[in-house]
Amino acid sequence: MPEFILLERNKAEKAIETLENKYKNAGYYLNFNGALELLVAAILSAQTKDTVVNELTPSLFKKYKKIDDFTAADPNELLSYVKRVSFAENKVKNIMSCCKIIKDKYNGKVPDKMEDLLSLPGVGRKTANTVLINAFGIVEGIPVDTWVIKLSYRIGLSKSKKPDDIENDLKGLVDKKYWKNFAYVLKEHGHQICQSIKPKCEICPIKEICPKNGVN
Ligand code: SF4
């Protein structure tokens, strides 16, 4: 793994602002309608490409529309709709358990509090932040996905590889007004310029600041 070089605070703030300005239109990438669909799609998306999730959710949500549809589902039939995602059987179990808890404990409504979301099976801070931000407009933190882990290390924003620690590091660096979209901004930067294998440093808007300019 390449050596970590911590970016000085003023440079980190400049890099974050520059990226936010460049990727102004970055936004959440899974298709959903309402908190339940978002929760289900977000659980399915762990270690699975967004395009795969977006391809299967239209037929899934046509068949399973409400909490009761998931709690009463035949697990094998539900699995047949989502079998293309990784760890599909486990995710089906988690989705059905989540829906049962939501039905019994939260009156059938996806909860809008971090601690309640974290109590649901298969829901960690990334998914909880995602649901809070995109379904309820509540910004408590920054969802940390693989792009955030990769680019936070590369750009020098966080040395950690642990999502919760990275989130804390970023919360100390990123202005709160940017928390909502920061994960999507980094993902866009990763797709367009700072690619895993051959980052295009020569056209990067933060090349003057980034400690890994040309050294990846
Ligand atoms: S300079 Fe290169 S390594 Fe640094 S953020 Fe830009 S593309 Fe990525």
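Residues numbered from 1 in each chain as written. Predicted model: local features only at pLDDT ≥ 70, side-chain atom pairs only at ≥ 80, totals over all residues. Heavy atoms only, no water.

Caption draft 1: The arrangement of the domain arrangement of the protein in detail. On domain assignment, one finds that the protein holds domain 1 (9-27 + 142-203) and domain 2 (35-136). With centres defined by C-alpha atoms, the gap from domain 1 to domain 2 works out at 26 Å. Across the contact, 10 residues belong to domain 1 and 7 residues belong to domain 2. Summing the contributions of domain 1 and of domain 2, the shared interface buries around 660 Å²; its carbon and sulfur component is 50%. Taken together, the connections running from domain 1 to domain 2 amount to 2 salt bridges. Taking the shortest distance from any N to any O, the salt bridge between lysine 187 and aspartate 50 comes out at 2.7 Å. Seen at the junction of domain 1 and domain 2, the total is 4 residue pairs in polar contact (both at pLDDT 80 or more). At the level of secondary structure, the elements contributing two or more residues to the side of domain 1 that touches domain 2 comprise helix H10 (163-173) and helix H11 (179-192). (Domains from an automatic or database assignment. Contact = heavy atoms within 4.5 Å. Buried area = accessible area lost by both parts, 1.4 Å probe. Salt bridge = Lys/Arg side-chain N within 4 Å of Asp/Glu carboxyl O. Polar contact = N/O pair within 3.5 Å; in protein donor to acceptor, adjacent residues only side chain to side chain. Helix = DSSP H or I, 4+ residues; strand = E, 2+ residues; numbered from the N terminus.)

Caption draft 2: Representation of empty space enclosed by the protein within the structure. Under the defined criterion, the tally for this structure stands at 2 cavities of 30 Å³ or more. Of the voids in this model, the largest cavity is the one considered here, and its volume is about 100 Å³. Residue classes in the lining of the largest cavity are distributed as 8 nonpolar, 3 polar and 4 charged. If you add up the space inside the second largest cavity, you get close to 50 Å³. Among the secondary structure elements, those contributing two or more residues to the lining of the second largest cavity are helix H2 (35-45) and helix H8 (125-136). Among the elements that line the lining of the second largest cavity, the one with the most residues is H8, at 3 residues. Here the residues of the lining of the second largest cavity are counted per class, giving 3 nonpolar, 3 polar and 1 charged. (1 Å grid on protein atoms, 1.4 Å probe; cavity = no way out; pocket = protein on both sides within 12 Å on 5 of 7 lines; lining within 4 Å. Points joined across faces, edges and corners; volume = space filled by probe spheres on them. Nonpolar A, V, L, I, M, F, W, Y, C, P; charged D, E, K, R; others polar.)

Caption draft 3: Main features of unusual backbone geometry. Even without a glycine there, the phi angle at phenylalanine 87 is positive, about 55 degrees. Given the relative accessible area of 53%, phenylalanine 87 is considered exposed. Positive phi, normally seen in glycine, also occurs at asparagine 107, with a value near 60 degrees. Looking at the element boundaries, asparagine 107 is found in the loop between helix H6 (88-105) and helix H7 (114-118). Note on asparagine 107: relative accessible area 70%, which makes it exposed. (Buried < 20%, exposed > 50% of the residue type's maximum accessible area, 1.4 Å probe, protein only.)

Caption draft 4: Main features of the pattern of salt bridges. Counted according to the given criterion, the structure contains 9 salt bridges. A salt bridge links lysine 103 to aspartate 68, with the shortest nitrogen-to-oxygen separation between them at 3.1 Å. Separated by 35 residues along the polypeptide, lysine 103 in helix H6 and aspartate 68 in helix H4 (residues 67-71) bring together distant segments of the chain. Note on lysine 103: relative accessible area 40%, which makes it partly exposed.

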